[in-house]
Amino acid sequence: MLHHIAIIGSGPSGLFCADALLRQRPDLKIDVFDRLPTPYGLIRFGVAPDHQGTKAVTRQFDRLFGGGSLRFIGNVAVGADLPLGRLSEHYDAVVLALGAHADRALGIPGEDLPGRYGSMAFVGWYNGHPDFRHLDPLLDAPGIAVIGMGNVAVDIVRVLGKTPAEMTASDLCVHAAEVIAAAPVTDLYIIGRRGPAEASFTSAELAELGRLERVRPIVEKADLPDGLPSGIDPAEAKIKEKNLQILHDFAARTDDRPVKLHFLFHSIPEAVLGQSRVEGLKLKGRAAPLSAGTVISAIGYRTAATGDLPQPNQNGIIPNDNGRVAPGLYVVGWAKRGPSGTIPTNRLEAKSVADRMLADFADDTAPAKSGSAALDTWLRQQGLTVIDWPGWKRIEAAEIAAARQGSPREKLADWAGLRQAALPSETQPAAPRAGQQ
Ligand code: NAP
């Protein structure tokens, strides 16, 4: 009988799945585990800090957590701290909502040089992911190259290109804001291995690059076809046509701005160059390498699973049959289908996995399992400190209290600070009195 469900991962796909399940079966008890002390996964650490509107979906999830049927169990890594095998003993069904947290490798020489970063690490750094707080990226040269022509690459060049004033209402972490503001950047490169019609960014995101105060997009008119090549998926054709129009508009610009954003199409990276750090990027067919002190690859992600979690296949996803991995074990989101689509894509897909799960259990007569009660004791015995929903709310309150003017929050970005802020006030260290340091 389906009664207790564990969801591993509190990003959008996991929480949309919880929502879909509870809409149909309000009697269910669902526990959402996360390795991090904070919920929301991609919404907190992936969505760009200046796209606050996209993060508004968390209000819906907050209501869900307030409803009494959904628990947050943060600061517990399933697979590492808590084996999946043990978890499964307590829950009738387990949903893997792991996301895709590992950067895909470029597979070219020089990719390990200091100054070359994957987008997971780089975006994580400016978005306050505690694993990347101390990345301290080298942003000290005038040239910065971003490989990839998806929306993540667009996010990165925009965050690097905006002025501090343009980021006022964002939640860009102060440790990153200071480094970016001080960076002597004059040339940003966004590099696609295919042509303008194949670039995967969407039109609204591309158009935004044309409205930045200090950045001028540079597009060579000769690189742009007049129309779309044949064979483009009709569902995609509208976006691609709009993209082409925007790129033509960029190519027609003649204004001068202190930062140039160069769109390089049909440019295949061959090697990251440098002796002890990144100094440039060699592109196939171009005699002169790009001069760049930083190379960021934004070429997609793959799912990484630790311990006894099912391992991803060579495509970076957990093998599944329409969301079903094994009896009682399901997968949703990027771990199911790969890193594609926007946040609302996950709503529909998570609903279809929830429907499948409910159908699978429709005739199940086995007694329901115990849920988290016995597990809580085991977690305590292991010395694991669970950060629950009230703990997260204390973190959130501390972040709101620390926000600079105009910004919604100043994220706590290190493990110790997050865990400390989650403690109830009576266990917080006393604040220094006036005159004390
Ligand atoms: P993506 O859209 O798949 O883009 C990846 C880019 O990397 C493509 O241009 C791809 O080129 C290129 N690439 C892959 N392997 C490469 C290699 N070895 N060398 C050079 N280039 C390589 O992925 P993403 O940008 O990481 O975005 C992930 C998902 O999140 C997407 O669905 C995206 O739309 C979504 N997202 C949405 C927003 C938003 O809505 N504002 C913001 C961020 C992310 P090819 O096409 O040639 O493979």
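Residues numbered from 1 in each chain as written. Predicted model: local features only at pLDDT ≥ 70, side-chain atom pairs only at ≥ 80, totals over all residues. Heavy atoms only, no water.

**Thoughts on the pairing of strand β14 (residues 294–297)**
Part 1: Burial along β14 is two-sided: Thr 294 and Ile 296 and Val 295 and Ser 297, pointing in opposite directions, are all buried.
Part 2: Note that strand β7 (residues 143–147) and β14 share four bridges and pair parallel. Directly across from Ile 144, in β14, lies its bridge partner Thr 294. (Buried < 20%, exposed > 50% of the residue type's maximum accessible area, 1.4 Å probe, protein only. Helix = DSSP H or I, 4+ residues; strand = E, 2+ residues; numbered from the N terminus. Pairing = 2+ DSSP bridges.)

**Here we look at the environment of Glu 410**
Part 1: Relative to the helices and strands, Glu 410 resides in the loop between α13 (389–401) and α14 (415–421).
Part 2: Note: C-alpha distance between Glu 410 and Ile 7 (403 residues apart in sequence) is 28 Å.
Part 3: The residues contacting Glu 410, other than those within four sequence positions of it, are Leu 172, Cys 173, Val 174, Glu 399, Ala 402, Ala 403 and Arg 404.
Part 4: Within the structure, Glu 410 has its side chain in polar contact with the backbone nitrogen of Val 174 (distance 2.9 Å).
Part 5: Polar side-chain contacts of Glu 410 include one of 3.1 Å to the side chain of Arg 404. (Contact = heavy atoms within 4.5 Å. Polar contact = N/O pair within 3.5 Å; in protein donor to acceptor, adjacent residues only side chain to side chain.)

**Regarding unusual backbone geometry**
For residues besides glycine, phi is generally negative; the peptide bonds are generally trans as well.
Part 1: The backbone of Asp 136 sits at a positive phi, close to 45°, despite the residue not being glycine.
Part 2: As for its position among the elements, Asp 136 is in the loop between α5 (119–126) and β7.
Part 3: Despite not being glycine, Asn 322 shows a phi value in the positive range, around 45°.
Part 4: By relative accessible area, Asn 322 is classed as exposed at 56%.

**Overview of helix α7 (residues 174–182)**
Each turn of an α-helix holds 3.6 residues, which means side chains three or four residues apart point in the same direction.
Part 1: Here α7 has its buried residues at His 175, Ala 176 and Ile 180. Looking straight down α7, one finds that the buried residues subtend no more than 120° of arc, so they occupy a single side. Seen from the buried face of α7, the exposed residues on the opposite side, beyond 90 degrees, are Glu 178, Ala 181 and Ala 182.
Part 2: On its buried side, α7 packs onto α5 and α6 (151–161). (Arc of directions from axis to C-beta.)

**Some remarks on the sheet that holds strand β10 (residues 259–264)**
Part 1: Spatial strand order, β6-β14-β7-β8-β10-β9: six strands in an open sheet with parallel pairing. Bordering the open sheet on either side are β6 (116–118) and β9 (215–218), each of which pairs with just one other strand. If you compare each strand with its neighbour and ignore which way they point, the axes differ by 20° on average.
Part 2: Its contacts with the sheet place α5 against β6 and β14, and it is angled at close to 85° to β6. (Axes fitted to C-alpha atoms, helices over the stretch in contact; angles between N-to-C directions.)

**Focus: the site of the ligand**
Part 1: Not every one of the 19 residues close to the ligand is listed here, only the nearest: Met 149, Arg 193, Arg 194, Ser 200 and Gly 341.
Part 2: The backbone of Val 152 places a nitrogen or oxygen atom 3.1 Å from an oxygen atom of the ligand.
Part 3: Here the ligand has 920 Å² of accessible area as a free molecule, and 79% of this is covered by the chains.
Part 4: The dominant element in the shell around the ligand, judged by the number of residues it contributes, is α6, at three residues.
Part 5: Counted by class, the shell around the ligand contains seven nonpolar, eight polar and four charged residues.
Part 6: Counting contributing residues per domain, the shell around the ligand is built from domain 1 (4–101 + 302–387) and domain 2 (105–299), each supplying no fewer than three. (Near = heavy atom within 4 Å. Areas by Shrake-Rupley, 256 points an atom, 1.4 Å probe, with all protein chains shown as cover. Nonpolar A, V, L, I, M, F, W, Y, C, P; charged D, E, K, R; others polar. Domains from an automatic or database assignment.)

**Considerations on the packing of aromatic side chains**
Part 1: In the structure shown here, the tally under the stated rule is twelve aromatic pairs.
Part 2: Aromatic pair Tyr 40 and Trp 392: ring centres 6.0 Å apart, planes at 90°, arrangement edge-to-face. Taken as a pair, Tyr 40 in the loop between β2 (29–34) and α2 (42–45) and Trp 392 in helix α13 lie far apart in primary sequence, 352 residues in all. Summarising the burial analysis for this pair, Tyr 40 and Trp 392 share the class buried.
Part 3: Consider the rings of Phe 65 and Phe 72, whose centres lie 6.1 Å apart with planes at 85°: the pair is edge-to-face. (Phe/Tyr/Trp six-rings, centres within 6.5 Å; stacked < 30°, edge-to-face > 60°.)

**So, the packing of α5 against α6**
Part 1: Between α5 and α6, the shortest axis-to-axis distance is 11 Å and the interhelical angle comes to 40°. The orientation of α5 relative to α6 falls into the category oblique. Crossing of α5 against α6: the hand is left-handed. Only Val 152, Asp 155, Ile 156, Val 159 and Leu 160 of α6 make contact with α5, whose side of the interface consists of Ser 119, Phe 122, Val 123 and Tyr 126.
Part 2: The class makeup of the residues in the contact of α5 with α6 is seven nonpolar, one polar and one charged. (Parallel < 35°, antiparallel > 145°, perpendicular 65-115°, else oblique. Left-handed = near helix turned anticlockwise from the far one by under 90°.)

What is shown is where atoms sit, not what they do.
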